[in-house]
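Architecture at a glance
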Amino acid sequence: MLQIRAKILYNKKIKGNYFHLVIQAPKITQESLPGQFLNIKVNDAYEPLLRRPFSIHRVKGANIELLYEVVGKATEILSRRKSGEYLDVIGPLGNGFTLNTKHKTLNILVAGGMGVAPLVFLAEKLAYSVERIAYRKEKGLKLSAKRYPLNAIVLIGVRTKDEILCEKEFKDLGCEVKIATDDGSKGFKGYASELLKEVLSTIDYRLSTIYACGPRPMLEEISHISKKYNIPTQLSLEEHMACGIGVCLGCVVNTKEGFKRVCKEGPVFNAVKIIW
């Protein structure tokens, strides 16, 4: 964990209230893993007092990319920060995903809303893992993920098609992408968890691993589904955080091993350990 002054390289609206932020943080990128997050002070003033947590979306060389939605005062302030300015950043924080990189494994990534943010980084790590690269070389295949598809299905759940993020990024990595919209404006009409049940009914899921990030009700339902199908599942929990470093105990969740801090022992947990 490091605390640095990170230079803003890019901070632009993608669409609606969704923004793409790129910061220069070479020391943090060296240690970052999919599922971890940064805790950012959005300005140098006393208000807002607390930092805000943001999942690491992608790591490119010395730069870290973040996706965020403007939902309150802090993110509205962040959306007005300009290229060339600096942010006070602490990270990488928390425990990330444990990757199942065996080439025969079917990786199922389920994102609800902004839950897509950490899953792109995860998909990149899966696509370019040492094991997969070795397998491609052994088979005489080119290393481009576009030329040899990643054995992964990505399920993206949103309220309406205008809120879909990162569909192209997942497809460029060789993932099969399926969309669920609450209003039926694109793809499956319903929730991502319902789409997951439909997908599992049509595939051989015995060698599958599920990774999911999104709203708590979605993660709870996925936890029940994974138990029914006996599929190893990792959940990235979204909880309100104050300190982000495990001191304030404001983000604890109940598990079979007692209360755990989402910011410290999480945000990624084994689904079977969570007590809903």
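Further up the page is the structure itself.
The numbering scheme is per chain: residues are counted from 1 as the chain's sequence reads. Note on the predicted model: pLDDT of at least 70 is required for a residue's local features to be given, and 80 or more for side-chain atom pairs to be given and counted; whole-chain, interface and lining totals, by contrast, use all residues. The basis for every side-chain value is the complete set of heavy atoms in the structure, and neither hydrogens nor water enter the calculation.

Notes on the packing of helix H6 (residues 192-200) against helix H7 (residues 216-229)
- It is the contact of H6 with H7, at a shortest axis distance of 9 Å, that shows an interaxial angle of 20°. Taken together, the axes of H6 and H7 are roughly parallel relative to one another. Of the two elements, H6 crosses H7, and the hand of that crossing is right-handed. Counted together, Ala192, Ser193, Leu196, Lys197 and Leu200 of H6 and Met218, Glu221, Ile222, Ile225 and Tyr229 of H7 form the full contact between these two elements.
- In this classification, Asp, Glu, Lys and Arg are treated as charged, Ala, Val, Leu, Ile, Met, Phe, Trp, Tyr, Cys and Pro as nonpolar, and every other residue, Gly included, as polar. For the contact of H6 with H7, the per-class residue count stands at seven nonpolar, one polar and two charged. Axes here refer to lines fitted to C-alpha atoms; in helices the fit is confined to the stretch in contact. Angles between the N-to-C directions go from 0 to 180 degrees. Only DSSP runs of H or I reaching four residues or more are called helices, and only runs of E reaching two or more are called strands; each is numbered from the N terminus. Our angle categories are set so that under 35 degrees counts as roughly parallel, over 145 as roughly antiparallel, 65 to 115 as roughly perpendicular, and the remainder as oblique. Less than a right angle of anticlockwise turn of the near helix away from the far helix marks a crossing as left-handed, whereas a clockwise turn marks it as right-handed. Any two residues whose heavy atoms approach within 4.5 Å are treated as being in contact.

Some points on the sheet that holds strand E11 (residues 188-189)
- Here a strand pair is declared whenever DSSP counts at least two bridges between the two strands. As summarised here, the arrangement of the seven strands in space is E11-E10-E9-E8-E12-E13-E16, forming an open sheet in which the pairing is mixed. Unpaired on one side and paired on the other, E11 and strand E16 (268-270) mark the two borders of the sheet.
- Sheet topology places strand E12 (residues 208-213) next to strand E13 (residues 233-236); four bridges connect them, and they run parallel. Across the sheet, cysteine 213 pairs through a bridge with serine 236, a residue of E13.
- Along the sheet face, helix H3 (residues 116-127) touches strand E8 (106-112), strand E9 (152-158) and E12 and points at about 165° away from the line of E8.

Some remarks on the side chain of glutamine 36
- You can see glutamine 36 is positioned in the loop between helix H1 (26-29) and strand E3 (37-41).
- Since its relative accessible area comes to 8%, glutamine 36 is described here as buried.
- Counted as a polar contact is a pair of N or O atoms within 3.5 Å, where, for protein atoms, one must be capable of donating a hydrogen and the other of accepting one, and residues adjacent in sequence contribute only when both atoms are in side chains. Reaching out from glutamine 36, the side chain makes a polar contact with the backbone oxygen of glycine 94 at a distance of 2.9 Å. Each residue is assigned to one of three classes by its accessible area relative to the maximum for its type, calculated with a 1.4 Å probe on protein chains only: buried under 20%, partly exposed between the two thresholds, exposed over 50%.

Digging into the pattern of salt bridges
- Think of a salt bridge as a Lys or Arg side-chain nitrogen and an Asp or Glu carboxyl oxygen that are within 4 Å of each other. Applying the stated criterion across every chain yields a total of 17 salt bridges.
- Ionic pairing is found between glutamate 76 and arginine 80, a salt bridge with its closest N-O pair at 2.8 Å.
- A residue is classified by how much of its surface remains accessible, and glutamate 76, at 31% relative accessible area, is partly exposed.
- Residue class for arginine 80 comes out partly exposed when judged on its relative accessible area of 48%.

Comments concerning H7
- The end-to-end C-alpha separation of H7 is 20 Å, in line with the 20 Å expected for 14 residues at 1.5 Å each.
- Inspection of H7 places Met218, Leu219, Ile222, Ser223, Ile225, Ser226 and Tyr229 among the buried residues, and these make up the whole buried set.
- Structurally, H7 contributes buried residues whose contacts are with E8, H6, E12 and E13.
- Phi turns positive one or two residues past the end of H7, at asparagine 230, with a value near 60°. Every helix has an expected span of 1.5 Å times one less than the residues it contains.

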